[in-house]
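What follows is the residue order along each chain.
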Amino acid sequence: MRQPRQTLDASTLNRNILSALQLEVDLGTQALTRGEADAAVTFFQSALSKLTPDQPFYDHLIHNLLLSYVAVTHKLFADGNEELALKFVNSALALELKGEMSQDTVFRQRFADVFQGLSVYLFKNAKFDLSVQCVRKAISINDHPANYVNLVNALSASGQPARLSDFTTEITHEQLGRHLFIACVPKSASSFLKTLLLDLTGYRDMFSVFAAGQSEHELDLPTIREFAHLDTVTQQHCRASD
C-alpha cells in the first residue's frame, strides 16, 4: 500500500541526512513497486536508522518496512525457503508504531490489516503458531471484531489455548471472578439446578446471551467481558462448537 507523501521538517534534520533519507525512501519505494522486496528492506532499514520516533515520517517508514518484510516472506515461501521466510515474519512482529501516527485510527487500522493478511497467509501455509502471533499483533494494534474470527481459527488449528489478553486487556487473571456454567438442553431440570447453585454459592445469576430472542447457543463476548470480575452462575442451552 503506497503511503501519501509526507513533508519533512528540515529544521529537525541535518541537510545531508535529509538528502540521504529522501534518496533511500525513494529507492525503497521504487524497489517495492518493482517487486524487489529484499532491496526495499535494505533501503527502508537504512532510512529508519537515521530517524527517531519523535521525528516526521518514522511510522510511515515502519509501515513501508512491514510491507517489504511481508513481500519478502511471500517470495521466500514461493521459493521453498521457509526457514528464512519465518525469520522475516519474526522481524515483522517486532515492528512497533511509536511516532505521531500511532494515534491515528485509520493509519493503525491499515497497519493492523497487514498483520491480519500475514496471519491468513501463514494459516494457509500451515504455520499455525505464527498465524496466531500475527493475528494477536493485529488485535493489539486495532481491536476489530473481524480479527477474532481469524484468531479462533488459528488457535483451533494450532492447538493452543486462548489467553485472557486475546479478548480483553481491561481485567487481569487476579481480578477474574468464579463462574459456574450449566450447558444444558431444554427440559433437563437445568433451571432447578441453577437455582440450587445460586442459593448454595451466593453467586450472581448471569445470562451470557445478548438479549432474549437471540441465538442462545453462543456466548456473547461483550457480556462475558462485562461480568468477568463477578462470581456468576449461568444456565444456557448449548450446542457443540469450538
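In this report, we go over the structure that sits alongside the text.

Topic: the overall build of the protein chain
Here is step 1: A count of helical and extended segments in the protein chain gives 9 helices and 3 strands.
Here is step 2: Helices (α) and strands (β) of the protein chain occur, in sequence order from the N terminus, as α-α-α-α-α-α-α-β-α-β-α-β.
Here is step 3: Against the compact-globule benchmark of 18 Å for 242 residues, the protein chain has a radius of gyration of 24 Å, which places it well outside the compact range.
Here is step 4: Over its C-alpha atoms, taken along the principal directions, the protein chain stretches across nearly 80 × 45 × 30 Å.
Here is step 5: In the protein chain, 60% of the contacts between residues at least 6 apart in sequence involve partners at least 24 apart.
Here is step 6: Summing over all exposed atoms, the protein chain offers an accessible surface of approximately 14000 Å²; the carbon and sulfur share of this is 54%.
Here is step 7: Separation between the mean location of the 21 positive side-chain charges and that of the 27 negative ones in the protein chain comes to 3 Å.

Re unusual backbone geometry
Here is step 1: Here Ala 126, not a glycine, exhibits a phi torsion of approximately 60°, which is positive.
Here is step 2: Within the fold, Ala 126 resides in the loop between α5 (105–124) and α6 (128–141).
Here is step 3: We classify Ala 126 as partly exposed; its relative accessible area is 46%.
Here is step 4: Positioned with a positive phi, Lys 187 is a non-glycine residue whose angle comes to about 60°.
Here is step 5: By the element assignment, Lys 187 lies in the loop between β1 (179–184) and α8 (190–201).

Section: the side chain of Lys 137
Here is step 1: Among the secondary structure elements, Lys 137 is positioned in helix α6.
Here is step 2: Separated by 2.8 Å, the side chain of Lys 137 and the backbone oxygen of Leu 95 make a polar contact.
Here is step 3: Residues within four places of Lys 137 in sequence aside, it is in contact with Leu 93, Leu 95, Glu 96 and Phe 115.

Observations concerning the sheet that holds strand β2 (residues 204–205)
Here is step 1: Ordered in space as β1-β3-β2, the 3 strands form an open sheet in which the pairing is parallel. This sheet does not close on itself; its edge strands, each paired only once, are β1 and β2.
Here is step 2: In terms of strand pairing, β2 meets strand β3 (residues 232–237) through 2 bridges, oriented parallel. From the neighbouring strand, Asp 205 faces β3, where its bridge partner is Val 233.

Focus on the packing of helix α1 (residues 15–33) against helix α2 (residues 37–48)
Relative orientation and spacing of two packed helices are given, respectively, by the angle between their axes and the distance between those axes.
Here is step 1: At a minimum axis separation of 8 Å, α1 and α2 run at an interaxial angle of 160°. With respect to their mutual orientation, α1 and α2 come out roughly antiparallel. The hand of the α1/α2 crossing is left-handed. Judged by residue contacts, Leu 21, Glu 24, Val 25, Leu 27, Gly 28, Thr 29, Ala 31 and Leu 32 of α1 engage Ala 37, Ala 39, Ala 40, Phe 43, Phe 44, Ser 46 and Ala 47 from α2.
Here is step 2: Each residue belonging to the contact of α1 with α2 can be placed in one class, and the counts come to 11 nonpolar, 3 polar and 1 charged.

Notes on the state of the cysteines
Joining two cysteines, a disulfide is a covalent bond between their sulfur atoms.
Here is step 1: Here the structure, examined in full by the defined rule, presents 0 disulfides.
Here is step 2: Between Cys 184, a free cysteine, and Cys 238, which holds the nearest cysteine sulfur, the sulfur-to-sulfur gap is 6.4 Å.

Examining the packing of aromatic side chains
Here is step 1: Within this structure, the stated rule accounts for 5 aromatic pairs.
Here is step 2: Judged by centre distance (5.5 Å) and plane angle (80°), the rings of Phe 111 and Phe 115 are edge-to-face. A residue pair is termed a helical-turn pair when its members lie 3 or 4 positions apart in one helix, as Phe 111 and Phe 115 do in helix α5 at 4 residues.
Here is step 3: Judged by relative accessible area, Phe 111 falls into the buried class, the value being 1%.
Here is step 4: In this structure Phe 115 comes out as buried when scored by relative accessible area, which is 0%.
Here is step 5: For the pair Tyr 148 and Phe 167, a centre-to-centre distance of 5.8 Å together with 15° between the ring planes defines the contact as stacked. With Tyr 148 in helix α7 (residues 145–158) and Phe 167 in the loop between α7 and β1, the pair connects residues that are 19 residues apart, well separated along the chain.
Here is step 6: Take Tyr 148: its relative accessible area is 11%, and that puts it in the buried class.

Quick word on the nonpolar core
Here is step 1: Within the largest apolar cluster, 41 residues are counted, with the highest numbers of intra-cluster contacts made by Leu 61, Leu 66, Phe 111 and Phe 115.
Here is step 2: Of all the secondary structure elements, the ones that give two or more residues to this core are α1, α2, α3 (58–78), α4 (82–93), α5 and α6.
Here is step 3: Per-element tally for this core: the top contributor is α3, with 11 residues.
Here is step 4: Formed by 7 residues, the second largest nonpolar core is a distinct cluster that contains Val 132, Val 135, Ile 139 and Leu 155.

What counts, and where the lines are drawn
One numbering rule holds for all chains: residues counted from 1, following each sequence as written. For this predicted model, a pLDDT threshold of at least 70 governs which residues receive local features, and a threshold of 80 or more governs which side-chain atom pairs are given and counted, while totals over whole chains, interfaces and linings are taken from all residues. Only hydrogens and water are removed before side-chain values are computed, so all heavy atoms of the structure are retained for them. Segments assigned H or I by DSSP are reported as helices when at least four residues long, segments assigned E as strands when at least two residues long, and all are numbered from the N terminus. We take the radius of gyration over the C-alpha atoms and set the globule estimate at 2.2 Å times the residue count to the 0.38 power. Two residues form a contact once any of their heavy atoms are found within 4.5 Å. Under the convention used here, a 1.4 Å probe and the Shrake-Rupley method define accessible areas, while residue burial counts only the protein chains that appear. Charge counting follows a simple rule: Lys and Arg are positive, Asp and Glu are negative, and His as well as the terminal groups are ignored. The atoms used to mark charge sites are NZ of Lys, CZ of Arg, CG of Asp and CD of Glu. Relative accessibility thresholds used throughout: buried, under 20% of the residue-type maximum; exposed, over 50%; partly exposed, between the two (1.4 Å probe, protein chains only). We define a polar contact as two N or O atoms separated by no more than 3.5 Å, with the added condition that, inside protein, one atom must be a possible hydrogen donor and the other a possible acceptor, whereas residues neighbouring each other in sequence contribute only through side-chain atom pairs. At least two DSSP bridges between two strands are required for those strands to pair. Every angle, taken between N-to-C directions, lies between 0 and 180 degrees, and every axis is a line fitted to C-alpha atoms, over only the stretch in contact when it is a helix. In this scheme, roughly parallel covers angles under 35 degrees and roughly antiparallel covers those over 145, while 65 to 115 is roughly perpendicular and the rest are oblique. Two helices cross in a left-handed way if the nearer one is turned anticlockwise from the farther one by less than a right angle. They cross in a right-handed way if the turn is clockwise. Each residue is assigned to one class: nonpolar for Ala, Val, Leu, Ile, Met, Phe, Trp, Tyr, Cys and Pro, charged for Asp, Glu, Lys and Arg, and polar for all the others, Gly among them. Cysteine sulfur atoms are paired as a disulfide whenever they fall within 2.5 Å. Aromatic rings from Phe, Tyr and Trp, taking only the six-membered ring of Trp, are treated as a pair when their centres fall within 6.5 Å; an angle between ring planes under 30 degrees marks them as stacked, one over 60 as edge-to-face, and anything in between as tilted. What is meant by a nonpolar core is a set of buried Ala, Val, Leu, Ile, Met, Phe, Trp, Tyr and Cys residues, joined one to another through side-chain atoms within 4.5 Å.

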